[in-house]
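A structural walkthrough
The lines below spell out each chain.
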Amino acid sequence: MEVNNVVDNFQLSLSRVADSQRAIAMRAYMKNQFEFLGISAPERRKACAADIQELKTADPAQLLAIAQALWACKEREYHYLAIDILAKHWRSLRPDDSPLLLLLAQQKSWWDTVDGLTGVIGDLLRENLTGDRQIQISMDAALEHPDFWVRRIALLHQLGWRELTDVDRLFHYALALADDKEFFIRKAIGWALRDYAWHEPAAIHGFLQANQSRFSGLTLREAAKNLKKLGK
């Protein structure tokens, strides 16, 4: 499988549905940080669905090489496309591929791509959980990373895990970064806690009550957002 040929095919597919006028609005929405082709997510996925499906036989090295090549393109839709590919074929990846995914997260970083990669990493780690949770050690290291986007991934990697969530880890991560001044970290702490509240609202209620003074107002508001709905 030739990476350049795969990328060329994707570029051709997206060029057919690009909209330069829509690109202006999309660029403005993302604070003019990135260039856009002007393609909505449904249009992008429809245009590339067949080519993405053909990658079902690709090995981890090929998938990651394609993702890196797409990430090198300037328009944001190519970065989203890389995440589409990884999200579709994450079962072909291995847990020890997560460092390369974290490297991608540190390039052209913003919440949109970082959170997309968080979902891929979360699926990959959840699928390979071991009894002693050793698979999550990479996230323990990520929690102390100098790049706050990597720390955000550590906070959010258990989203949707429900009964598989390592609650001690979740609470430890939240407290470890409670003093972080970064908006995206404070919001992520709240998001991670709120997500687990759907499974164990009493546990989250008790944790917030016990540690209320440790967290910012933003974190507390995000974490408690659904507790009333859940009877807490």
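Placed above this text is the structure.
Residues numbered from 1 in each chain as written. Predicted model: local features only at pLDDT ≥ 70, side-chain atom pairs only at ≥ 80, totals over all residues. Heavy atoms only, no water.

1. Some words on the overall build of the chain
Within the chain, the secondary structure is distributed over 13 helices and zero strands. When the elements of the chain are put in sequence order from the N terminus, they spell out α-α-α-α-α-α-α-α-α-α-α-α-α. Relative to the compact-globule value of 17 Å for 232 residues, the chain shows a C-alpha radius of gyration of 19 Å, a close match. Judged by the C-alpha coordinates and their principal axes, the chain covers about 55 × 40 × 35 Å. Of all 232 residues assigned to the chain, the portion counted as buried reaches 49%. For the chain, long-range pairs separated by at least 24 residues make up 70% of all intrachain contacts whose partners lie at least 6 apart in sequence. In the form shown here, the chain has an accessible surface area of approximately 11,300 Å², with 51% of it arising from carbon and sulfur atoms. For the chain, the centre of its 30 positive side-chain charges and the centre of its 30 negative side-chain charges are spaced 7 Å apart. (Helix = DSSP H or I, 4+ residues; strand = E, 2+ residues; numbered from the N terminus. Rg over C-alpha atoms; globule rule 2.2 N^0.38 Å. Buried < 20%, exposed > 50% of the residue type's maximum accessible area, 1.4 Å probe, protein only. Contact = heavy atoms within 4.5 Å. Areas by Shrake-Rupley, 256 points an atom, 1.4 Å probe, with all protein chains shown as cover. Lys, Arg positive; Asp, Glu negative; His and termini not counted. Charge placed at Lys NZ, Arg CZ, Asp CG, Glu CD.)

2. With respect to helix α12 (residues 201-210)
All buried positions along α12 are accounted for by P201, I204, F207 and L208. The buried residues of α12 occupy an angular sector of 130° when the element is viewed end-on, so they sit on one face. For α12, the exposed residues set more than 90 degrees away from the buried face come down to Q209 and A210. Of the surrounding secondary structure, the elements contacted by the buried residues of α12 are α10 (167-176), α11 (183-197) and α13 (217-224). (Arc of directions from axis to C-beta.)

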